[in-house]
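Chain by chain, the residues:
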Amino acid sequence: MGLFKFLILLCLIASVFSVDLYGMRSPAELVKVNSENGTITPVGGIYTHEAVGDNVGCLDSKNGIYYFMGTNLETAKIDLLGMDIHSADIKYTIPTTFVTEGFVGVAQIVQCIDDSDDVIIMGRDPKYDHKHNLVRVTPQTNTWKELNQFNFLDPLGGGHTLSGETVWIELTVNISGKYSHKLFGFDINTGKQVFEINDDDYYTTGLNYDKESGMVFGIGIVPQFTNRVIMQLNPKTGIITRLFDLPSTYFLATPPTTINAKDGIGWYIMNDRKVDEPWKLVTLDYNKQAIVKNVNLCPNPKDCLRGLEYYEI
Ligand SMILES: *[C@@H]1O[C@H](CO)[C@@H](O)[C@H](O)[C@H]1NC(C)=O
Ligand SMILES: *[C@@H]1O[C@H](CO)[C@@H](O)[C@H](O)[C@H]1NC(C)=O
């Protein structure tokens, strides 16, 4: 290998591993996470809203805004908040019509769109008889465009991601008392349901779209519940496949589950099923089908992050 190629390789390796990650912990505090050693550095806090819900956030890298949905502790209303990732100042407060049912954050999603300033959000809405209301919000103009309403059951920490014009959401359907785990795809312009994929074998969650391969990755569980599996969903065909198995010592810290994938790399917050063990930040290489890094993230799982997103520079 020539020196030039070697240097390029070094740069590629460095760019893969030295990603800036941002996360949210509760009480609401924006933090920066070093992907190499799991060091958490606070950026700033806001304490008017809780941030207990798992995985109800996204990072708009092009505008440097971290969005999350939380309940205002004084008014008990749920708002979408957008914080500047450098100063932690709140730039946008968008009131929603959603309510919390059961667990905080369940049935809610927040998903940034790569090539638009808009954010896709979802929550249970009394306006529609407590159905899910899928909405496209433009925070800069406080525009609220309702896309679709439906009523399914909500897996805890429900996975969601965006591939092109499709937002993918993990939901459970109750067919006369028989429960079926599904991955739904909705068009982010029209709200039309474009996919309904059966996933009763692996209960895939932690959905991650990887631009490089054009695939959605997720993390499932084998029927015997012994270990986790990495799943691959082709968002064009809707075909879902079991890609590779993780060792049984890598479970999943129930949620937050995932950070969006980048260049074939995905991150998950995992534990080894022992409640008191530190939670780890695990780096996966989907091409190599292997765990390529594993660092301690939260010595005390109770204080761990509720969401984690990568910052695409
Ligand atoms: C983690 O890595 C960053 C950047 O390389 C460094 O500044 C920091 O000191 C490291 N923290 C620990 C605990 O090693
Ligand atoms: C599922 O459907 C059955 C029959 O239609 C109903 O009795 C049951 O309450 C439903 N379960 C939930 C959790 O909604």
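Everything numeric here is computed off the predicted structure, so don't read it as measured data.

(A) Region of interest: the site of ligand 2. Near ligand 2 the following residues occur: N174, S176, G177 and Y179. Within the side chain of N174, one N or O atom sits 2.5 Å away from an oxygen atom of ligand 2. Here a nitrogen atom of ligand 2 sits 3.1 Å away from a polar atom, N or O, in the side chain of Y179. Within the complex, the protein chains bury 36% of what would otherwise be the 360 Å² of accessible surface of ligand 2. For the shell around ligand 2, a count of residues per class yields one nonpolar, three polar and no charged.

(B) The arrangement of the packing of aromatic side chains in detail. Using the criterion set out here, one finds 10 aromatic pairs in the structure. The interplanar angle of 20 degrees and the centroid separation of 4.6 Å between the aromatic rings of F152 and F184 together place this pair among those described as stacked. Separated by 32 residues along the polypeptide, F152 in the loop between strand 11 (143-150) and strand 12 (160-163) and F184 in strand 14 (residues 178-187) bring together distant segments of the chain. Here F152 matches F184 in class, with each residue buried. Their ring planes at 5 degrees and their centres at 3.8 Å tell us that F217 and Y286 sit as a pair that is stacked.

(C) Region of interest: the pairing of strand 11. One ladder, built from seven bridges, connects strand 10 (residues 131-138) with strand 11; its direction is antiparallel. Paired with R136 across the bridge in strand 11 is K145. Linking strand 10 back to strand 11 in an antiparallel pair, the connection comprises four residues, with N142 at a positive phi of about 55 degrees.

(D) Spotlight on the sheet that holds strand 3 (residues 40-45). Read across the open sheet, the four strands follow the order 3-2-1-24; overall the sheet is antiparallel. Single-partner strands in this sheet number two, and they are strand 3 and strand 24 (307-311). Pairwise comparison of adjacent strand axes, ignoring direction, gives a mean angle of 25 degrees for this sheet. Bridge analysis of strand 2 (residues 29-34) against strand 3 gives five bridges, and the strand direction is antiparallel. By the bridge assignment for strand 3, K32 is matched with T41.

(E) Spatial organisation of the site of ligand 1. All residues in the neighbourhood of ligand 1 are listed as N34, N37 and T39. In the model, an oxygen atom of ligand 1 is placed 3.2 Å from a nitrogen or oxygen of the N34 side chain. One nitrogen or oxygen atom from the side chain of N37 is found 2.4 Å from an oxygen atom belonging to ligand 1.

Definitions and cut-offs
Residues numbered from 1 in each chain as written. Chains lettered and ligands numbered in written order. Predicted model: local features only at pLDDT ≥ 70, side-chain atom pairs only at ≥ 80, totals over all residues. Heavy atoms only, no water. Near = heavy atom within 4 Å. Polar contact = N/O pair within 3.5 Å; in protein donor to acceptor, adjacent residues only side chain to side chain. Areas by Shrake-Rupley, 256 points an atom, 1.4 Å probe, with all protein chains shown as cover. Nonpolar A, V, L, I, M, F, W, Y, C, P; charged D, E, K, R; others polar. Phe/Tyr/Trp six-rings, centres within 6.5 Å; stacked < 30°, edge-to-face > 60°. Helix = DSSP H or I, 4+ residues; strand = E, 2+ residues; numbered from the N terminus. Buried < 20%, exposed > 50% of the residue type's maximum accessible area, 1.4 Å probe, protein only. Pairing = 2+ DSSP bridges. Axes fitted to C-alpha atoms, helices over the stretch in contact; angles between N-to-C directions.

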